[in-house]
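# Chain and residue survey
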Amino acid sequence: MASSSAAMQLSSLSRRSLSTRPQLLRSARPLRFSQQQFQRSTRRAYADASQPALPAPKPKKRFGFLRWTWRLTWMSSLGLVGYLAYSVYDSCHPVDQIEPDPTKKTLVILGSGWGSVSLLKKLDTENYNVVVISPRNYFLFTPLLPSCTTGQVEHRSIMEPIRNILRQKKAHVKFYEAEATKIDYERRVISISDDSEIKGEISHTEVPFDMLVVGVGAENATFGIKGVKEHSCFLKEVDDAQKIRKRIMDCVETAMFKDQTPDEVKRLLHMVVVGGGPTGVEFAGELQDFFEEDLKKWVPEIQENFRVTLVEALPNVLPMFSKQLIDYTESTFKEEKITIRAKTMVKNVTDKFIEAEVTNPDGTKTLEKIPYGLLVWATGNAVRPVVRDLMSQLPAQKNSRRGLAVNEYLVVNGAENVWAVGDCAITNYAPTAQVAGQEGAFLARLFNTMAKTENVEAELKQLSEAQATAKSDEERNQIFDEIRERQKQLRRTKQIGPFQYSHQGSLAYIGKERAVADISWLSGNIASGGTMTYLFWRSAYLSMCFSTRNRLLVAMDWIKAKAFGRDVSRE
C-alpha cells in the first residue's frame, strides 16, 4: 500500500512538471531579451564607473564681497600698525653721524619755521657744514595752533624738537638756541644772543658763514594802532595760544564773580577777533565750538551773554577763497551766532574796548566803541628788526618795505650767497606755510645740485691735469673719455630751473564740524564746504604733521576731546 501511494505521488508530480513545461518554453524567449538588456545596462554602468564622478555643485556663498573687504581692511590695519611701529623705532634709534669737514663751506640757516625745516629735511648735510640758529628749539605746526587755544589739541602735540630733526641727518648739524641780532654782510658773520633765563659766561658771540639762508619769519603787524601790543593777544607762537587759553577762562570765572554787574558780565563774555583770514576764522569757529560743547554745559550761567565777534576791515572774510565759499562761511557763522563786522577798521585799543571806524551801507563812516573781554589780533605781518637791518645794508633793497626782495632763485637782491624763504621774503605769492615749505624744498634741491656741480668741476680739473701728464696715447684717450662723461654729468646737474610755486589749495575750519576747501585739481579748482570737507581737513592736516609722533599725538588728542570734552581748567 505504501509503495502504491508513493507511485501515485510520483506520477502526479511528473504530470504537473509536464504540464508546466510548455509555460517555461513560452517564457524562454522573453528571458533572452531581458539578458541582452541586462548586458547593455551592465556595460553602461561599467563605462560610467570608469569615469570620475562629477562633484555636486557647491552652494553660492553669500556676502563674499564683504568678507574680502573685511580681510583687506584687517591686513591693511596690520600693515599700518607695522609701519607706525617701524617709524617710531627708527626715529628713536638714530645712527651715528659723520663729523663736519672743515674744508667744506659753512651753511648757516636762520629760523626753525616751515621754510627752514623743509630745507633741512631734504638737504644732504654731507655736502656742507650746516649750522642752525633759532630762538626756539622746535618746529611748530602752525595750522593747528587755533585748536590749542581751546584745548582741542595740546600744544606739545604740534611741536617737533629741532634736535630730533637734525639727529636724523647723515652728517652732524650744529644748533644754537639764540636770537640773531645782526647780519654783517660785509664781514660774513652773524651776531647771536642767548635770551634764555639761564645764561653762561658767554651770552653774545658771532657765527661766520659762507652761505646764508634767512628764514626768520615775520612779526605781528599792528599797523601803528595804539594799544594793540599792550591789550591784545596774538596767535603766532605756542606762548600766544597758552595766553589765550588762560584769558578765556579768566573772563568766564571773573564774569561769575559775586555781585558782578550785568554790563560788566556782558563785556567780559564778549570775545572779539580782529582779522578775517584763515587764522581769525578758524579761531572764531574753535571758540564757538568750545562754548557750545563744553563751557555752556559746565557753566550754564554764561549762555545768555557769551558772544563771539569777528572784525574785518575788508568787505568779506577769507578773501583768498571763492565767492561761493565766502557766502557759505558767512551763512555758517550766522547759524552758529558768530557776528561778522565787515568794513570795520580798528583805530584805537584800550583795556576794555576798541574804537573802530565802521563804513555804513550808504558810504558814510561812524566811530563806534566795541567792549570786549578777550581781544585776539590775527591780521598782517611786519618785518623783524634783523631783516630790516640787513635791508639797510644792501642798496638794492632800498625800495623794499615788506621784507627781503629775492630773484627767481630766492637769492636776496644785491647780495651773493644769501637766500631768503618764508614770510621774510617778498615773492609773487602769499606769505603762507605752503609757500614757505615749497621754497625750502627748492633750496634743498638747489644746494644739493650746487654741491654735485662743484664736485664734478673739481674732478674735471684733476682729469685735465692728469691728461697733461699722460705718458701714452691709450692713457690719454681713457682720460678724454672720463672728461666727456663728467661734462655730460655736469650739464645734467645744471638743468635745475627757477622756483615755481604749485598751489595745492586752501583749507579753513569754520566751526560746528564744518570746513571749507578750495583745492587745485588738474586744470581747475574744486570748491567745497561742509562735514565731509571737515573730515578731509582733518585728514589733510594729520598727513601734513611733520613726524609720526606728531600724527599719533594729534589723533589721540582729537579722540580724547571727543570722548571727555575740552578741559575747562585755567592752566
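Residues numbered from 1 in each chain as written. Predicted model: local features only at pLDDT ≥ 70, side-chain atom pairs only at ≥ 80, totals over all residues. Heavy atoms only, no water.

### A look at the overall build of the protein chain
Each helix and strand in the protein chain was counted, giving 16 helices and 24 strands. Counting the 571 residues in the protein chain, one finds 41% classified as buried. Summarising the internal contacts of the protein chain: among those between residues at least 6 apart in sequence, 65% fall at separations of at least 24. Accessible surface computed for the protein chain: about 33,500 Å², of which carbon and sulfur atoms make up 55%. (Helix = DSSP H or I, 4+ residues; strand = E, 2+ residues; numbered from the N terminus. Buried < 20%, exposed > 50% of the residue type's maximum accessible area, 1.4 Å probe, protein only. Contact = heavy atoms within 4.5 Å. Areas by Shrake-Rupley, 256 points an atom, 1.4 Å probe, with all protein chains shown as cover.)

### Describing the pairing of strand E1 (residues 106–110)
Counting buried residues along E1, five of its five residues qualify, which places the element largely inside the surrounding structure. Of the two faces of E1, the one lined by Thr106, Val108 and Leu110 and the one lined by Leu107 and Ile109 are each fully buried. Pairing geometry for E1 and strand E2 (residues 129–134), over five bridges, is parallel. Bridge assignment links Thr106 to a residue of E2, and that residue is Asn129. Between E1 and its parallel partner E2, the chain crosses via helix H4 (residues 114–122), and the hand of that crossover is right-handed. (Pairing = 2+ DSSP bridges. Right-handed = clockwise from strand over helix to strand, strands pointing away.)

### So, the environment of Leu119
Residue placement: Leu119 occurs in helix H4. On the basis of relative accessible area, Leu119 is assigned to the buried category, the value being 0%. Between the C-alpha atoms of Leu119 and Ala436, which are 317 residues apart in sequence, the distance is 9.7 Å. Residue contacts for Leu119: discarding those within four places in its chain leaves Ile109, Val213, Gly440, Ala441, Leu443, Ala444 and Phe447.

### Some words on the packing of aromatic side chains
Within the structure shown, the criterion is met by 16 aromatic pairs. Between Tyr429 and Tyr501 the ring centres are 5.1 Å apart and the planes differ by 55°, which places this aromatic pair in the tilted class. Placement of the pair is Tyr429 in the loop between strand E21 (425–426) and helix H13 (433–468) and Tyr501 in the loop between helix H14 (473–493) and strand E22 (505–511), with a sequence separation of 72 residues. Since its relative accessible area comes to 31%, Tyr429 is described here as partly exposed. According to the relative accessible area criterion, Tyr501 is buried, its value standing at 18%. Judged by centre distance (5.6 Å) and plane angle (65°), the ring pair of Phe442 and Phe499 falls under edge-to-face. Within this pair, whereas Phe442 is found in helix H13, its partner Phe499 is found in the loop between H14 and E22, the two being separated by 57 residues in sequence. We classify Phe442 as buried; its relative accessible area is 2%. Each member of the aromatic cluster is reached from another via a ring pair, and the members are Trp114, Phe139, Phe141, Tyr509, Tyr534, Trp537, Tyr541 and Phe546. (Phe/Tyr/Trp six-rings, centres within 6.5 Å; stacked < 30°, edge-to-face > 60°.)

### Quick look at the state of the cysteines
For the structure on display, the rule yields zero disulfides. Considering cysteine sulfurs only, Cys233 is the nearest to Cys251, which forms no disulfide, with 8.8 Å between them. (Disulfide = S-S within 2.5 Å.)

### Concerning the layout of surface pockets
Its boundaries defined by the atoms lining it, the second largest pocket holds a volume of some 550 Å³. Lining the second largest pocket are 17 residues, and of these Ser91, Glu160, Gln168, Phe546 and Ser547 sit closest to its centre. Mapped by element, the contributors of at least two residues to the lining of the second largest pocket are helix H3 (64–92), helix H6 (162–167) and helix H16 (548–564). In terms of residues, the lining of the second largest pocket owes the most to one element, H3, which gives six residues. Taken together, the residues that form the lining of the second largest pocket break down as five nonpolar, six polar and six charged. Counting the residues that make up the lining of the second largest pocket, at least three belong to each of domain 1 (106–216 + 385–423 + 429–447) and domain 2 (233–382 + 502–564). (1 Å grid on protein atoms, 1.4 Å probe; cavity = no way out; pocket = protein on both sides within 12 Å on 5 of 7 lines; lining within 4 Å. Points joined across faces, edges and corners; volume = space filled by probe spheres on them. Nonpolar A, V, L, I, M, F, W, Y, C, P; charged D, E, K, R; others polar. Domains from an automatic or database assignment.)

### Some details on the packing of helix H8 (residues 238–255) against helix H10 (residues 278–298)
In contact at an axis separation of 13 Å, H8 and H10 are set at 45° when each is read in the N-to-C sense. By the angle between their directions, the pair H8 and H10 is classed as oblique. Our pair here, H8 against H10, has a crossing hand that is right-handed. On the side of H8, the interface is formed by Ile244, Ile248, Met249 and Val252, while H10 contributes Phe283, Leu287, Phe290 and Leu295. By residue class, the composition of the contact of H8 with H10 is eight nonpolar, no polar and no charged. (Axes fitted to C-alpha atoms, helices over the stretch in contact; angles between N-to-C directions. Parallel < 35°, antiparallel > 145°, perpendicular 65-115°, else oblique. Left-handed = near helix turned anticlockwise from the far one by under 90°.)

### Some thoughts on the environment of Ser331
Within the secondary structure, Ser331 is located in helix H11 (residues 323–336). Within the structure, the side chain of Ser331 is placed 2.8 Å from the backbone oxygen of Tyr328, a separation counted as a polar contact. (Polar contact = N/O pair within 3.5 Å; in protein donor to acceptor, adjacent residues only side chain to side chain.)

### Comments concerning the confidence of the model for the protein chain
Detailed reading of predicted coordinates is not advised where the pLDDT is low. Confidence in the prediction for the protein chain averages 87 pLDDT; 87% of positions are at 70 or higher. Below a pLDDT of 50 lies the segment residues 1–11, which in the model reaches zero contacts outside its immediate sequence neighbourhood of four places, other chains included. Confidence drops under pLDDT 50 across residues 16–33; counting only partners more than four residues distant or on other chains, this segment forms zero contacts. (pLDDT = per-residue confidence, 0-100.)

### Quick look at the nonpolar core
Val214, Leu443 and Phe447 are the most contacted members of the largest nonpolar core, which totals 122 residues. Here this core spans two domains, since at least three of its residues come from each of domain 1 (106–216 + 385–423 + 429–447) and domain 2 (233–382 + 502–564). The residues contacting Leu443, other than those within four sequence positions of it, are Leu119, Val213, Tyr409, Leu410, Trp419 and Val421. Core analysis: the next-biggest nonpolar cluster, separate from the first, contains 14 residues, Val228, Val346, Ile370 and Leu375 among them. (Core = buried A, V, L, I, M, F, W, Y, C linked by side-chain atoms within 4.5 Å.)

### Here we look at the sheet that holds strand E23 (residues 514–521)
The strands making up a sheet associate through hydrogen bonds between their backbones, and the pairing can be parallel or antiparallel. The strand order across the open sheet formed by three strands is E22-E23-E24, and the pairing between neighbours is antiparallel. The open sheet is flanked by E22 and strand E24 (524–530), the only strands paired with a single partner. On average, each strand axis in the sheet is tilted by 10° relative to the strand beside it, whichever way the strands run. Alignment of E23 against E24, held across seven bridges, turns out to be antiparallel. Paired with Ile519 across the two strands is Ile526, which belongs to E24.

### Considerations on the pattern of salt bridges
Under the criterion given, the structure shown has 18 salt bridges. Between Lys296 and Glu292 there is a salt bridge, with its nearest N and O atoms 2.8 Å apart. A residue pair is termed a helical-turn pair when its members lie 3 or 4 positions apart in one helix, as Lys296 and Glu292 do in helix H10 at four residues. Using a relative accessible area of 34% as the deciding quantity, one classes Glu292 as partly exposed. Between Arg341 and Glu368 there is a salt bridge whose closest N-O contact spans 2.6 Å. Taken as a pair, Arg341 in strand E13 (residues 338–341) and Glu368 in strand E16 (residues 365–371) lie far apart in primary sequence, 27 residues in all. For Glu368, a relative accessible area of 29% puts it in the partly exposed group. A single network of salt bridges, built from pairs that share partners, joins Asp184, Arg187 and Glu206. (Salt bridge = Lys/Arg side-chain N within 4 Å of Asp/Glu carboxyl O.)

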